[in-house]
Amino acid sequence: MNDTWFTDDHATLGDRLAAGREAASMTQSQLAQRLGVRAKTLRDWENDVSEPRANRLQMLAALLGVSLRWLLTGEGDDVQPQGAVEETPPSPAATAALADLRSLRGELLAMGERLGRLEKVLKTQLATAQGGAQPGEQGQ
């Protein structure tokens, strides 16, 4: 049996989050900043004191380069437990490119959320404008 803190059999969401963050070579502060949350909030997630909302889970998976399924359940091979046999490390250029891709994916998710909020505001405004301007509706 593996004596490390992270094993597939015993890992919690917080354990997987911490393992994914470490595998992505990010500090808690760096990841919290990219997510737009306080470092204490991220620390609480990693310590299983609280859990992130669904939209943050998707952003976390994207920023860490892991699947949402793995982050939630531990199923899949996204991050290997400590002590696992490692392959040849990627070149620095490949590592930098992957980091850029992860960052862009997180930014795209955040932009998608912003677009959704703006769309909702616009739909509400249009419905209000159309509701007040419909001929024949007043006095009925």
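Above this note sits the structure.
Reading the values: rules and limits
Residues numbered from 1 in each chain as written. Predicted model: local features only at pLDDT ≥ 70, side-chain atom pairs only at ≥ 80, totals over all residues. Heavy atoms only, no water. Axes fitted to C-alpha atoms, helices over the stretch in contact; angles between N-to-C directions. Helix = DSSP H or I, 4+ residues; strand = E, 2+ residues; numbered from the N terminus. Parallel < 35°, antiparallel > 145°, perpendicular 65-115°, else oblique. Left-handed = near helix turned anticlockwise from the far one by under 90°. Contact = heavy atoms within 4.5 Å. Nonpolar A, V, L, I, M, F, W, Y, C, P; charged D, E, K, R; others polar. Buried < 20%, exposed > 50% of the residue type's maximum accessible area, 1.4 Å probe, protein only. Polar contact = N/O pair within 3.5 Å; in protein donor to acceptor, adjacent residues only side chain to side chain. Patch = residues over 30% accessible without salt bridge, like charges linked within 9 Å, V, L, I, M, F, W, Y side chains within 5 Å. Areas by Shrake-Rupley, 256 points an atom, 1.4 Å probe, with all protein chains shown as cover. Salt bridge = Lys/Arg side-chain N within 4 Å of Asp/Glu carboxyl O.

Enquirer: Would you take a moment to explain the packing of helix H2 (residues 28-35) against helix H3 (residues 39-46) for this structure?
Expert: The relative placement of two packed helices comes down to the angle between their axes together with the axis-to-axis distance. At their nearest, the axes of H2 and H3 sit 8 Å apart, and the two run at 110° to each other. Between H2 and H3, the angle falls in the class roughly perpendicular. For the crossing formed where H2 meets H3, the hand is right-handed. Judged by residue contacts, Gln28, Ser29, Leu31, Ala32 and Leu35 of H2 engage Ala39, Leu42, Arg43, Trp45 and Glu46 from H3. Residues that form the contact of H2 with H3 fall into these classes: six nonpolar, two polar and two charged.

Enquirer: In this structure, what is going on with unusual backbone geometry? I would like to understand it.
Expert: Phi is mostly negative for residues that are not glycine, and the peptide bonds are mostly trans. Non-glycine residue Ser25 carries a positive phi angle of around 55°. By the element assignment, Ser25 lies in the loop between helix H1 (13-23) and H2. Of the residues examined, Ser25 reaches a relative accessible area of 64% and is grouped as exposed. Even without being glycine, Asp48 reaches a positive phi, approximately 60°. Position of Asp48 among the secondary structure elements: in the loop between H3 and helix H4 (54-64). A residue is classified by how much of its surface remains accessible, and Asp48, at 38% relative accessible area, is partly exposed.

Enquirer: Please clarify how the side chain of Arg21 should be interpreted in this entry.
Expert: Relative to the elements of secondary structure, Arg21 occurs in helix H1. For Arg21, the side chain forms a polar contact with the main-chain oxygen of Met26, separated by 2.9 Å. What Arg21 contacts, discounting residues up to four positions off in sequence, is Met26, Thr27, Gln28, Leu31, Leu42, Glu46 and Leu64.

Enquirer: What's the story with a nonpolar patch on the surface in this structure? I'm lost.
Expert: Nonpolar side chains collect at one region of the surface, where Leu98, Leu101 and Leu104 lie side by side and expose about 290 Å² of accessible area between them. Overall, Leu98 belongs to the partly exposed group, its relative accessible area being 42%.

Taken by themselves, the reported measurements are silent on function.
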